Structure formats: C-alpha cells, structure tokens
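# A closer look at the structure
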Amino acid sequence: MKKFTALLLLLCLLLTFGCTGGKDLNIHSAVKEGSGLLEVHIIDVGQADAILIRTPDQGDLLIDGGTNAAEDDLLDYLASQNVQRLQAVIATHPHEDHIGGLDGVLNTYSAEIVYMPKVTHTTATFERFIKAVQNNGAKTVQAKSGVSLDLGEGGAQGIFLAPNSEEYDELNNYSAVLKLVYGDTSFMLTGDAEKLSEGEIMTQYSAKSLAADVLKVGHHGSKTSTSAEFLAAVAPQLAVISVGKDNDYGLPHPNTLTLLEKEKIPYLRTDEEGTIVIYSDGKKIALSPDELEATQVSATPIQPLPTTDNDTKQTNVIIESVDRKAEIAQIRNEGDNDVDLSGWVLVSVQGDQRYTFAEGTILKAGESLAVLSGPNAKADIGQVVWTEKNIWNNDYDPAELYDAAGQLVSSLE
Ligand SMILES: [Zn+2]
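Heads up: these notes are all about the structure in this document. (Residues numbered from 1 in each chain as written. Predicted model: local features only at pLDDT ≥ 70, side-chain atom pairs only at ≥ 80, totals over all residues.)

## Topic: the nonpolar core
Counting 78 residues, the largest nonpolar core has Ile51, Val89, Ile90, Phe160 and Val177 as its most contacted members. The biggest single contributor to this core is strand β9 (residues 177-182), with five residues. Discounting chain neighbours no more than four positions away, the residues touching Val89 are Leu62, Leu102, Val105, Leu106, Ala111 and Val114. Listed in part, the 22 residues of the second largest apolar core include Val322, Ala329, Val339 and Trp344. (Core = buried A, V, L, I, M, F, W, Y, C linked by C-beta atoms within 7 Å. Buried ≥ 20, exposed ≤ 12 C-beta atoms within 10 Å, placed from the backbone. Helix = DSSP H or I, 4+ residues; strand = E, 2+ residues; numbered from the N terminus. Contact = placed C-beta atoms within 7 Å.)

## Thoughts on the sheet that holds strand β23 (residues 383-387)
Across a sheet, strands are paired by hydrogen bonds formed along the backbone, either parallel or antiparallel in direction. A sheet is described by the order of its strands in space; here four strands give the open sequence β16-β17-β22-β23, paired in mixed fashion. Looking at strand neighbours, the two that pair on one side only are β16 (317-323) and β23, the edges of this open sheet. Along the sheet, successive strands turn relative to each other by an average axial angle of 25°, direction set aside. (Pairing = 2+ DSSP bridges. Axes fitted to C-alpha atoms, helices over the stretch in contact; angles between N-to-C directions.)

## Observations regarding the sheet that holds strand β24 (residues 399-402)
Sheet architecture is open: four strands sit in the order β20-β19-β24-β25, paired in antiparallel fashion. Each end of this open sheet is capped by a strand with a single partner; those strands are β20 (353-356) and β25 (408-412). Taking each pair of neighbouring strands and ignoring which way they run, the sheet shows an average axis angle of 15°. When strand β19 (residues 345-348) meets β24, the two strands line up antiparallel, connected through four bridges. Within the sheet, the bridge partner assigned to Val347 lies in β24 and is Glu400.

## A look at helix α2 (residues 71-80)
In an α-helix, one turn spans 3.6 residues, which is why side chains three or four residues apart end up on the same side. Looking only at α2, the buried set comprises Glu71, Leu74 and Leu78. Projected down its long axis, α2 carries its buried residues within an arc of 65°, all on one side. For α2, exposure combined with an orientation more than 90 degrees from the buried face picks out Asp72, Asp76, Ala79 and Ser80. At its buried positions, α2 is contacted by β2 (51-54) and α4 (102-108). One or two residues past the end of α2 sits Asn82, with phi positive at roughly 60°. (Arc of directions from axis to C-beta.)

Pasting the structure below:
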C-alpha cells in the first residue's frame, strides 16, 4: 500500500496537472499567484442559515440572512469582519429563517446583485425583504441551475446546481444550491433543498460536479434532505450543520447524524461550535488559516465588478466552433473584459432554432462556454444545455450569435 502511494505521488509529480483524485476535472478554477484564501463562514444565527463567503481577492458574498430575531447578531458579525459592501446576496428561498435578517443587511450594505429563485411568499418578512432589495438598488437575478456567479479575479468560481424545475409543492425545494470551487477544493451549499431537488441535481450534473470537500447539510439536518445517494455522490470530507440549540424541530434529525456517522464523515454543528469558518488555499481546506501553506493574502482593495458589454460595447465574443456530430457549439470570449451574456441568442440558421442565454451568464475574458444539444446534453461547469433535441446535424447549418440588443456579434458557416 505504501509503495502504491509513493508510486502515485511520483506519477502526480510527473504530471503537470497534479493529482486531483479524479474529481472535478471539468472545473477550471486556477489559484492565481498572490491570491488570498477563500473563506466560508457558517455564521451561528440560531435555528437558521447565514453563510458569508470571502473570496480570495477580498470580495464578500452572503448566502441567507438568518431570522428576524437574529438580525442584530448577523449585522454585528458582518461588522466584526469589516465587511464594506456585498458583491452578491443569495436568498436561497423565502422562508423566514433564511431571509428574515436580509432586509437589515440590504439596508446596511450596498449589494451588487441579489440572486433569488423565482418564487414568492405571502409573509410580511418576504415583503420587507423585497422592499429592501428595491431600496438597495441591487440588480436581481434569478437563481437557477446553470447560472454562474461572479466571484472576482481571485480564481474562485460558483455555479448554481438548483433549482432545476420551475414549480415545486414544497418551498424548500426552490432552494438555490451553490457549488463553490477554488482550485482543487470545493463546497456544496444546499440551503434547505430536499431529497427531490438532490435527485434532480444528480440527474443534471456529472459525478465530478457533485463531489465536494465540504457539504452544508441540507435543511438544518432534517430527514427530508441528505439522501444516502446524494451524500455518497458529494462524498465530503467535512459536513457542517447550521442548527439552533434546543430547537423546536428536534434538528438535526438522528437519521441524518446516523448516516453521516455510517459514512464516516466528520461533522460540525453551529449549535455546538458557534460560527464555523472553513479556509481554503486552493489546495486543501482547514479550520484555521495556520494549517494552510503560508499564502500571501493579497492587499488589493476590493475589486469593482468587471464591466459588462452594456457599459463598453466593445466585446470580442465569437462562435469558436460547432461540432455537428457531438452537438456542441463553443462560444469564446477573446476580449479583455468579462461579458454578460444575459439575453444573448445563439441561432441555428437552417432550422431558425434559437437559444437564449440565461440571466446572469457571465463569460469571463479568455474563457469558453459550450452550448450542448442532443439527447446526451448535460449541464456542467463551463457548459449549458440548449435542448435534448438535435440542433446541428444538418449538412449545412450556419450559426449566428446575437447580443441582448439583437446585434449580430459573430457568425460561423
Ligand atoms: Zn431553513
């Protein structure tokens, strides 16, 4: 066994790509030199969720804002961390234990974008939240499967893996589920998504995309979430449960804890530990920055969000290739600025079939995005699904790309 490990290590050294253990090979998150650590703070807000993400280039994002009752605690915590503004706020779903404190947050901090699923709720808390979003002036973007998140220039990437449907009976299943990737490390942040949504994620995404080092256990450890199959697919090295001390719901449910123990996955609970902070240097995760290789924390001030095509009108996005057999159209950003593809349209001229890029689709400078069609098309990081129908399998079918204003940007015969 030792000999085998040594051999494997040698092999890894020989390969320039390093050893990733076979997971997440589709995800191109490179740690940039001089970048800081990625930090994920699972904030103790009692029986609720609130997660602060600090990106390697010192941007801040907040997923959920705890209850109304915990709002002051949350604001105190954000102030203690010297948060100045929020790149993004993600309201996973409209339950009070997730959006209760967000009105206070949005009335205190300017936010660039608020991501939320397409669902409303008839509560005073929800109304206060919506009013605070409007007063803040933040742009709102629908959180749904396949929408990628701008996490700045430090190399971290994010993509929503859920919701995958438009309608659910249970509000929890609208939860925006975020896969956060930094270098070789990743986090699966699930909101209150239940087993139904977990199943949809497993159908939509490859095993590589599901695997994560850290799992925020769904729905406060309730037995409605964390199916054995989902847990096996994510296969985290650490699980975290956001849960209140002596809560009325008896959470976390013993079944969930038994499952974690059976799978030998260590877990931490906010009711026992208080706020839990997990650090990543892009190579491994740790509960203290001291355990990681001395990574120089960059002193760059908070980066403004990249300018979009709307501001500059100078985009250099092209249709790089269309593989008619594999049903893959490759779009590439050859410019120096990131481009917001929201509302852009890719056209298969022969059949006049049109694909509109989802709101919030950002194509970073120098990167490509694959638009997949045909029965085998699967969404993944770096690729989106047009349709399960075949689009390109004609003898002659030019492709055209139009921006949101309807201007022809690129064509390929
Ligand atoms: Zn909840």
